[in-house]
Amino acid sequence: MIILWEAILANFQILEKLAKAEKLQIVSHLAASISHEVRNPLTVTRGYIQMLQEEVSSQTKVKYANIALRELDRATEVINDYLTFAATTPENKEHLRVSDEIQHAVNIIKPLANMNGIDIKLSLLEDDAYYIIGERKKFQQCLFNILKNGIESMQVNGELYIHLIHHAPTLQIKIQDKGVGMTKEQISRLGEPYFTTKEKGTGLGMMVSYSIIKSMNGTISVSSVKGKGTCFCIKLPIHRNESDRLKN
């Protein structure tokens, strides 16, 4: 019995060391990826700021300044994604009405959709009595990240469908695009650090989204056909709002 216990303890210690080593490896890769992704836009920004000192027309200076600001925004986006991933436990839980949060995310992403010629189509159920629990800003960021991926996967005149379905005991959000699609191998790697299907992506946005949904006791499943599009299905447990309970 003592020998068996020692063997179990030894195996547990080995597994613990492997888990720590894996975490360190992930952090190392993340640090390298983030350093690279932040350094690039900062280098570009520095170059354009230096060119602003040259004798150029006012129109050219405005052009240089806009490029520099755009690159700074890109660096900020990478840092914000990393910070969100690093703190995935909800800090301020509240009851969220899912249809309202979806509409808010759509309103934010609409200019990007319009710029890319993408039509967003909504099908939202009346969910007045049903809520989810989570941190509002992080949940909105999760939706934004997935919507942005869908928009960027399509050509002009594409369509992005968002369905909200009540399927007890969960609320399900289905986000369907008609973009380039993914292979089974690509789907299996979604949510991994620094994995992305985009040329200039970091993979952090999708990793953040997976982490946020997991922290809300939800799941994300993905189905996709290469060349035909991708569907993200988010399932989150339903909670009844206290005020609605009292009415009933």
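Residues numbered from 1 in each chain as written. Predicted model: local features only at pLDDT ≥ 70, side-chain atom pairs only at ≥ 80, totals over all residues. Heavy atoms only, no water.

1. Concerning the pattern of salt bridges
- Enumeration over the complete set of coordinates arrives at seven salt bridges.
- In this structure, Arg136 and Glu94 form a salt bridge, with 3.0 Å as the shortest nitrogen-oxygen distance. Note that Arg136 is positioned in helix α4 (residues 136-152) and Glu94 in strand β1 (residues 94-96), a separation of 42 residues in sequence.
- For Arg136, a relative accessible area of 30% gives the class partly exposed.
- Lys138 serves as the salt-bridge partner of Glu135, at 3.7 Å between the closest nitrogen and oxygen. Lys138 shares its class with Glu135; the two are buried.
- Residues participating in the shared-partner salt-bridge network are Glu94, Glu101 and Arg136. (Salt bridge = Lys/Arg side-chain N within 4 Å of Asp/Glu carboxyl O. Helix = DSSP H or I, 4+ residues; strand = E, 2+ residues; numbered from the N terminus. Buried < 20%, exposed > 50% of the residue type's maximum accessible area, 1.4 Å probe, protein only.)

2. Considerations on unusual backbone geometry
- Cis geometry is adopted by the peptide bond preceding Pro169, which originates at Ala168 and carries an omega value of 10°.
- Locating Pro169 in the fold gives a position in the loop between β4 (159-167) and β5 (170-177).
- Despite not being glycine, Asn157 shows a phi value in the positive range, around 75°.
- In this fold, Asn157 is placed in the loop between α4 and β4.
- Judged by its relative accessible area of 66%, Asn157 falls in the exposed class.
- Even without being a glycine, Asn217 presents a positive backbone phi close to 60°.
- As for its position among the elements, Asn217 is in the loop between α6 (204-215) and β6 (219-225).

3. Thoughts on the pairing of β5
- Counting buried positions along β5 yields six of eight residues, so the element is predominantly enclosed.
- Both β4 and β5 contribute to a ladder of eight bridges, which runs antiparallel. Each bridged residue has a counterpart across the sheet, and for His166 the counterpart in β5 is Leu171.
- The antiparallel pairing of β4 with β5 creates a hairpin that spans two residues between the two strands.
- With seven bridges connecting them, β5 and strand β7 (residues 229-237) associate as antiparallel partners. Looking at β7, one finds that Thr170 is bridged to Pro237. (Pairing = 2+ DSSP bridges.)

4. Notes on the nonpolar core
- Phe139, Ile173 and Ile234 are the most contacted members of the largest nonpolar core, which has 37 residues in total.
- Within the residue set of this core, elements represented by two or more residues are α3 (98-115), α4, β4, β5, α6, β6 and β7.
- Not counting residues within four places of it along the chain, the set of residues in contact with Phe139 comprises Leu96, Glu101, Ile132, Ile173, Ile212, Ile213, Met216 and Leu236. (Core = buried A, V, L, I, M, F, W, Y, C linked by side-chain atoms within 4.5 Å. Contact = heavy atoms within 4.5 Å.)

5. So, a nonpolar patch on the surface
- Residues Leu42, Leu69 and Leu72 make up a contiguous nonpolar surface patch of about 250 Å² in total accessible area.
- Locating Leu42 in the fold gives a position in helix α1 (residues 2-51).
- On the basis of relative accessible area, Leu42 is assigned to the partly exposed category, the value being 40%. (Patch = residues over 30% accessible without salt bridge, like charges linked within 9 Å, V, L, I, M, F, W, Y side chains within 5 Å. Areas by Shrake-Rupley, 256 points an atom, 1.4 Å probe, with all protein chains shown as cover.)

All quantities given are derived from atomic positions and should not be read as evidence of function.
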